[in-house]
Amino acid sequence: MMRRCPLCAETTTALYHRDRRRDYYQCATCELVFVPPEQHLSAAAEKAEYDKHQNSPHDTGYRRFLGRLFTPLLAKLTPNARGLDFGSGPGPTLSVMFAEQGHSMAIYDPFYAPDTSALTQTFDFITATEVVEHLAQPGKVLEQLIAQLAPGGYLGLMTKRVASPEAFARWHYISDPTHISFFSETSFRWWAQKNSLVVEFPGPDTVILYKTLT
């Protein structure tokens with residue numbers, strides 16, 4: 001059966017790994033590893049998994065975790081920048097952290113903050129922390145987010161990255177049934193080049209994409 005890559009839409013994909021529950025394919029073009037659609041959870045089952053998360057802006061450990069993206073991205077922003085926390089989850093926190101630094105924030109989450117008016121606006125920066133691994137159509141969603149960025153804007157992402165087939169087979173990240181799209185550094189570099197973005201990797205699970213002014 002032909003498997004179309006959900007990031008670049010190419011069909012040059014091959015089985016990368018298989019475990020007791022799922023199959024994982026890799027695209028030869030962009031190197032994304034993905035779970036085929038028929039093995040995705042239903043929306044209700046997906047939300048039930050997210051409802052288990054106990055994240056809150058009052059949790060200093062969670063703030064410290066988000067700081068891996070917050071700190072390098074904050075350093076790039078001009079005063080009073082306008083941001084969107086996309087996929088903000090059941091306890092929006094990153095938006096609170098940026099607001100505390102004087103940046104106005106909108107939030108969007110398909111389950112917890114489904115006001116789609118946020119998806120029609122333009123922003124100076126957009127964050128998506130622990131989001132892209134949940135996306136059935138990461139190519140479409142990332143294109144939409146880049147379209148919402150003002151020239152000179154930043155898209156900051158947090159997601160753990162694929163390293164090798166051996167590491168993948170032992171990886172706790174693939175045991176989460178809501179994780180269906182797995183990026184490597186190569187995937188991000190490929191996608192950035194295709195969309196004329198500048199990419200940097202501040203840490204092992206953080207990516208900042210810059211939309212140039214021209």
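Quick caveat, the model's predicted, so the values are computed rather than measured. (Residues numbered from 1 in each chain as written. Predicted model: local features only at pLDDT ≥ 70, side-chain atom pairs only at ≥ 80, totals over all residues. Heavy atoms only, no water.)

Q: I'd like a rundown of the packing of aromatic side chains, residues and numbers included.
A: The full count for this structure, using the stated rule, is 18 aromatic pairs. Taking the centre distance of 5.3 Å and the plane angle of 75° together, the rings of Tyr24 and Phe168 count as edge-to-face. In this pair, Tyr24 is assigned in strand E2 (residues 23-27) and Phe168 in helix H5 (residues 165-169), connecting sequence segments 144 residues apart. Each member of the pair Tyr24 and Phe168 is classed as buried. Ring centres 4.8 Å apart and planes at 55° place the aromatic pair Phe98 and Phe125 in the tilted group. With Phe98 in helix H3 (residues 94-100) and Phe125 in strand E6 (residues 123-129), the pair connects residues that are 27 residues apart, well separated along the chain. This pair shows no difference in class: Phe98 is buried, exactly as Phe125 is. Every member of this aromatic cluster is reached through a ring pair, and the members are Tyr16, Tyr24, Phe168, Trp171, Tyr173 and Phe182. (Phe/Tyr/Trp six-rings, centres within 6.5 Å; stacked < 30°, edge-to-face > 60°. Helix = DSSP H or I, 4+ residues; strand = E, 2+ residues; numbered from the N terminus. Buried < 20%, exposed > 50% of the residue type's maximum accessible area, 1.4 Å probe, protein only.)

Q: Report on the pattern of salt bridges, specifying residues and quantitative values.
A: Scanning the model with the defined rule gives ten salt bridges in all. Taking the shortest distance from any N to any O, the salt bridge between Lys52 and Glu49 comes out at 3.2 Å. We classify Lys52 as exposed; its relative accessible area is 56%. Residue classification places Glu49 among the partly exposed positions, given a relative accessible area of 23%. A salt bridge links Glu200 to Lys76; the nearest nitrogen and oxygen atoms lie 2.7 Å apart. In this pair, Glu200 sits in strand E9 (residues 197-203) while Lys76 sits in the loop between helix H2 (60-74) and strand E4 (82-86), placing the two residues 124 residues apart along the sequence. Taking relative accessible area as the criterion, Lys76 reaches 27% and is therefore assigned partly exposed. (Salt bridge = Lys/Arg side-chain N within 4 Å of Asp/Glu carboxyl O.)

Q: Lay out the sheet that holds strand E10 (residues 206-211) with the relevant residues and their values.
A: Ordered by their spatial adjacency, six strands build an open sheet running E5-E4-E6-E7-E10-E9, and the pairing between neighbours is mixed. Of all strands in the sheet, those with a lone pairing partner are strand E5 (104-108) and E9, marking the two edges. Each strand axis lies, on average, 20° off the axis of its neighbour in the sheet, ignoring direction. Across the sheet, H2 lies against E6, strand E7 (149-158), E9 and E10, angled at about 155° from E7, the strand it touches most. Sitting on the sheet, helix H6 (residues 185-194) is in contact with E7, E9 and E10, with an inclination near 155° to E9. (Pairing = 2+ DSSP bridges. Axes fitted to C-alpha atoms, helices over the stretch in contact; angles between N-to-C directions. Contact = heavy atoms within 4.5 Å.)

Q: Kindly report on the pairing of E6, identifying the contributing residues and their values.
A: The buried count for E6 comes to six of seven residues, which makes it a mostly enclosed element. As judged from the three bridges shared by E4 and E6, these two strands associate in the parallel manner. Each bridged residue has a counterpart across the sheet, and for Leu84 the counterpart in E6 is Ile126. Note: E6 against E7, six bridges, orientation parallel.

Q: Explain the nonpolar core residue by residue, including any values.
A: One recurring pattern in soluble globular proteins: nonpolar side chains tend to sit buried together. If you look at the biggest cluster of nonpolar residues, it comprises 35 residues, and the most contacted ones within it are Phe86, Leu155, Leu157 and Leu209. Of the residues forming this core, the biggest block, four residues, is contributed by helix H4 (residues 138-148). Sequence-distant contacts of Phe86, that is, excluding residues within four places in its chain, are made with Tyr108, Leu119, Ile126, Thr127, Ala128, Val131, Val141, Gln144 and Leu145. With 14 residues, the next largest nonpolar core counts Ala81, Leu94, Met97 and Tyr154 among its residues. (Core = buried A, V, L, I, M, F, W, Y, C linked by side-chain atoms within 4.5 Å.)

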